Amino acid sequence: ATPRVGHPLFHQGRPRVLESSRAVASLRRRSRLCLVCVMGKGAQGPKKVKVGKEERLEALRAAGTVTVSNSQLYTYFCNLHHVGMAAWVLYVVLFGPRPYLLMTVGMFLYSDMYSALLHSVLDDKKALNIPGIAPVAKGFQEHHDFPQETTSGKGLLVLCSDTVRIQWIVMCCSLAAGKRDETTWALILCKQLCCAYGTQFGHYYAHNRHLCVGMLKPLAWLQDAHILLPPAHHWNHHKAPYNKNFGIVSGLSNPALNPILHPDHYQFYVILALWCFFTIFDVAIIEQFVPPVDTAPASLFSSSLFSSMSTMVNNTIEL
């Protein structure tokens, strides 16, 4: 299993990363991917070094197989953003105004449909020719060739950080198009949690079911219940030509969207326009049809919707 001296992994006794996807694919089958091998100075033979996640990512980036472009400054910004989101959630839970249950469930279901539109667009080769979208599309399409390296190899935190840019774009668009009241902020929070973090969370553990043990065992139960993306359901997407099961939060929207997003009916520019439209205007549209959130501190399950239903029931009884 140890490469010989003169093997392509060696170059004048210095570390060398793999340069071909074929070599990466052959090593990927090992229990732990080893991309960097070194010849110890004065040693009798080559040494194989077991490297960690950061080193594997660096080797993949150097080999040109996986794009990792986050600078150290941007990484700090993303970590600050995640802390800010956690603080926002904690504040809303303690002081309100809180999204009510029906709004939360509705946004969760919507997020899977939204992720399917986004995923189908970025999986299309035409997206590689669109400025601004092309780098993201390249990452999505690399994932088909390197599914584990681009999920468990990057780690959940890095994957969540990849959504920070779009989170800020979505929030600015929603504030510009919406009413900018408490309901708008509640919908934005639900969309950020479900569409941004939900897609990465559901997708990551669909590729890493083996991690759902111990304290994380409930995640496996949620996958079995189709509340989180089931691994078997998602792996059907990873079979060429990669044209079904695009939803990656729970996968619940896929039975309805698979016929629409199938190549026989799929129109790239129509779906692209639809995705852009929802990205900009979905919160503004949804808030026109949902009851406003309660501004007074109350439980998660309270809202004007439930109070109005209670009033209607009481009036019916009186009649």
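We now turn to the structure provided with this report. Remember, it's a predicted structure, so these values are computed and weren't measured experimentally. (Residues numbered from 1 in each chain as written. Predicted model: local features only at pLDDT ≥ 70, side-chain atom pairs only at ≥ 80, totals over all residues. Heavy atoms only, no water.)

Some points on the packing of helix α4 (residues 101-122) against helix α8 (residues 182-207)
When two helices pack together, their arrangement is captured by the angle between the axes and the distance separating the axes. Two elements in contact, α4 and α8, have axes separated by 9 Å at closest approach and are oriented at 45 degrees. When the axes of α4 and α8 are compared, the pair comes out oblique. Crossing handedness for the pair α4 and α8: right-handed. Residue-level inspection shows Met103, Thr104, Met107, Phe108, Ser111, Tyr114 and Ser115 of α4 in contact with α8, the latter providing Thr183, Ala186, Leu187, Cys190, Lys191, Cys194, Cys195 and Thr199. The residue makeup of the contact of α4 with α8, split by class, is 9 nonpolar, 5 polar and 1 charged. (Axes fitted to C-alpha atoms, helices over the stretch in contact; angles between N-to-C directions. Helix = DSSP H or I, 4+ residues; strand = E, 2+ residues; numbered from the N terminus. Parallel < 35°, antiparallel > 145°, perpendicular 65-115°, else oblique. Left-handed = near helix turned anticlockwise from the far one by under 90°. Contact = heavy atoms within 4.5 Å. Nonpolar A, V, L, I, M, F, W, Y, C, P; charged D, E, K, R; others polar.)

Quick notes on helix α11 (residues 254-261)
Here α11 has its buried residues at Asn254, Leu257, Asn258 and Leu261. Projection of α11 onto a plane perpendicular to its axis shows the buried side chains occupying an angular sector of 115 degrees, all on one side. Residues of α11 that are exposed and point more than 90 degrees away from the buried face comprise Pro255 and Ala256. (Buried < 20%, exposed > 50% of the residue type's maximum accessible area, 1.4 Å probe, protein only. Arc of directions from axis to C-beta.)

A closer look at the packing of aromatic side chains
Considering all chains together, one arrives at 11 aromatic pairs under this definition. Seen from their ring centres, Tyr110 and Phe278 are 6.2 Å apart, and the 75 degrees between their planes marks the pair as edge-to-face. With Tyr110 in helix α4 and Phe278 in helix α12 (residues 268-286), this residue pair connects regions lying 168 residues apart in the sequence. Overall, Tyr110 belongs to the buried group, its relative accessible area being 13%. Aromatic pair Phe277 and Phe278: ring centres 6.0 Å apart, planes at 65 degrees, arrangement edge-to-face. For Phe277, a relative accessible area of 39% puts it in the partly exposed group. Here Arg165 stacks its cationic end above the ring of Tyr74, 4.2 Å away from the centre of that ring. (Phe/Tyr/Trp six-rings, centres within 6.5 Å; stacked < 30°, edge-to-face > 60°. Lys NZ or Arg CZ within 6 Å of the ring centre and 35° of its normal.)

Here's the deal with the layout of surface pockets
A water-sized probe rolled over the atoms picks out the places where empty space is left. Counted as a void, the second largest pocket has a volume near 370 Å³. Lining the second largest pocket are 16 residues; nearest its centre among them are Asp123, Asp124, Lys125, Pro241 and Tyr242. Per-element tally for the lining of the second largest pocket: the top contributor is helix α5 (residues 134-145), with 3 residues. The residue inventory of the lining of the second largest pocket, partitioned by class, reads 7 nonpolar, 4 polar and 5 charged. (1 Å grid on protein atoms, 1.4 Å probe; cavity = no way out; pocket = protein on both sides within 12 Å on 5 of 7 lines; lining within 4 Å. Points joined across faces, edges and corners; volume = space filled by probe spheres on them.)

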